[in-house]
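Listed here are the chains, written in short residue letters.
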Amino acid sequence: MTRILFIGDIVGTPALVYLESHLPALIRQHNADFVVANAENLDLTSGGCGMTPASLSRLFATGDDLVTGGNHSWDAPDHSVHDDARVLRPLNHKQQMPGRGAGVVAKNGKRLGVINLVSRTAMPLVHEPLPALDTQLAEWAETNAVDMVMVDFHGESVMEKMTLGFAVAGRVAAVVGTHTHVATCDARILPPGTAYITDVGMTGPADGLQGYDPVQFVDAMNRSDNPGPPKRMARGDIEFGAVLITVENGCALAIERCCAAELVAQAGGGE
């Protein structure tokens, strides 16, 4: 059996510090073979959110194997992060954009293929996600490149995420949703063996708006204008959004939500 720990949208330096303190112990506690995280909100940069080489280096040092992205994948001015094969961006975006939309992590004789998609509800001008996914799956099948596949589908619409899940049920081990930063309670196994959840939620400061200080967004609503990119992090304890997926022979046996308090307690840590 293989266990995959997937961490929802990591929001800012407070979340990174939290993972540096707790993630290595959590990986050991839950015998996670692979760790994948959505990290498009890892940094507040001059371009808005995004990722920087320094923060990604710290994240990988915690035991994370690969990161996925979404609509903020290119916010940071330095696009060199996409030179790293461990960094994915949406596969169905324009191919001339920096980076790659799929990657393979090989550890202990096991090969996990990860596909990053974004919905048109999050980025209206991207290509349809399902044809892009089908093409990637066919390429991997032809070369026998992977033993199991998980998909990070970054989008707003519950219906769209569910539809993609049913469209690939039995062909991938997991479809996990990201982007809204709000955890859903619909984790389940789609027959004949695909783990599904509409949104994993975020890993970031809980006392705010998607991990950010809500003041600028409230002010913009009062003025009926665009709030622009986030400028300040929220306060409060870290909300840990993650799921643990158990896979055997390429099919999911279980998906369970990981609660920060429970996991830290099991790992012998504390808030």
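Residues numbered from 1 in each chain as written. Predicted model: local features only at pLDDT ≥ 70, side-chain atom pairs only at ≥ 80, totals over all residues. Heavy atoms only, no water.

Now for the sheet that holds strand β7 (residues 148–154). Overall, mixed pairing links the six strands, which are arranged β5-β6-β7-β8-β10-β9 in an open sheet. Single-partner strands in this sheet number two, and they are β5 (102–107) and β9 (188–190). Taking the axes of each pair of neighbouring strands and ignoring which way they run, one obtains an average angle of 25° across the sheet. Strand direction decides the pairing type here: β7 and strand β8 (residues 174–178), joined by five bridges, are parallel. In the strand pairing of β8, Phe 153 is matched with Gly 177. This element, helix α3 (residues 129–143), spans β5, β6 (110–118) and β7 of the sheet and lies at about 160° to β6. (Pairing = 2+ DSSP bridges. Helix = DSSP H or I, 4+ residues; strand = E, 2+ residues; numbered from the N terminus. Axes fitted to C-alpha atoms, helices over the stretch in contact; angles between N-to-C directions. Contact = heavy atoms within 4.5 Å.)

Taken together, the buried positions of helix α4 (residues 158–167) are occupied by Lys 161, Leu 164 and Gly 165. Buried residues of α4, seen end-on, are gathered within an arc of 105° and therefore sit on one face of the element. On its buried face, α4 sits against β6, α3, β7, β8, β9 and β10 (194–197). (Buried < 20%, exposed > 50% of the residue type's maximum accessible area, 1.4 Å probe, protein only. Arc of directions from axis to C-beta.)

Its place among the elements puts Lys 161 in helix α4. With a relative accessible area of 2%, Lys 161 lands in the buried category. A polar side-chain atom of Lys 161 sits 2.8 Å from the main-chain carbonyl oxygen of Gly 155. When sequence neighbours within four positions are dropped, the list of residues in contact with Lys 161 reads Phe 153, Gly 155, Glu 156, Gly 177, Thr 178, Thr 180, Tyr 196, Thr 198 and Asp 199. (Polar contact = N/O pair within 3.5 Å; in protein donor to acceptor, adjacent residues only side chain to side chain.)

This part covers the confidence of the model for the protein chain. Mean pLDDT over the protein chain: 92, with 95% of residues reaching 70 or higher. pLDDT under 50 marks residues 261–271. Its contacts with residues more than four places away, or in other chains, come to 19 contacts. (pLDDT = per-residue confidence, 0-100.)

This brings us to the environment of Leu 117. If you trace the backbone, Leu 117 turns up in strand β6. A relative accessible area of 0% places Leu 117 in the buried class. Each C-alpha atom of the pair Leu 117 and Leu 66 lies 15 Å from the other, and the pair is 51 residues apart in sequence. The contact partners of Leu 117, leaving out residues within four places of it in the chain, are Pro 90, Leu 91, Asn 92, Pro 129, Ala 132, Leu 133, Val 151, Asp 152, Phe 153, His 154 and Leu 164.

Of note, the bond from Pro 191 into Pro 192 is cis; its omega dihedral lies within 30 degrees of zero at 5°. The residue Pro 192 is located in the loop between β9 and β10 in this model. Even without a glycine there, the phi angle at Asn 31 is positive, about 50°. With respect to the helices and strands, Asn 31 occurs in the loop between α1 (12–29) and β3 (34–38).

Running from amino to carboxyl end, α1 crosses helix α2 (residues 53–61) at an angle of 25°, the nearest separation of the two axes being 9 Å. One finds that α1 runs roughly parallel with respect to α2. As for the relative orientation of α1 and α2, their crossing is left-handed in sense. Taken together, the residues of α2 that come into contact with α1 (itself represented by Leu 16, Val 17, Leu 19 and Glu 20) are Ser 55, Arg 58 and Leu 59. Class assignment of the residues belonging to the contact of α1 with α2 gives a composition of four nonpolar, one polar and two charged. (Parallel < 35°, antiparallel > 145°, perpendicular 65-115°, else oblique. Left-handed = near helix turned anticlockwise from the far one by under 90°. Nonpolar A, V, L, I, M, F, W, Y, C, P; charged D, E, K, R; others polar.)

Strand order in this open sheet of five strands is β4-β3-β1-β13-β14, and the pairing throughout is mixed. In this open sheet, the two strands that pair with only one neighbour each are β4 (66–68) and β14 (251–258). Neighbour-to-neighbour, the strand axes of the sheet open up by a mean angle of 20°, direction not taken into account. Two strands pair when backbone bridges link them, and strand β1 (residues 2–7) and strand β13 (residues 242–248) are joined in this way by six bridges, in the antiparallel orientation. Within β13, the position partnered with Ile 7 by the bridge is Ala 242.

On to the pairing of β5, then. Two faces, one strand: in a regular strand the side chains alternate between the faces of the sheet. Bridge count between β5 and β6: six bridges; the pairing is antiparallel. Each residue of the ladder has a partner; that of Ala 106, found in β6, is Arg 111. Counting the residues in the hairpin turn of β5 and β6 gives two residues, including Asn 108, whose phi is positive at 50°.

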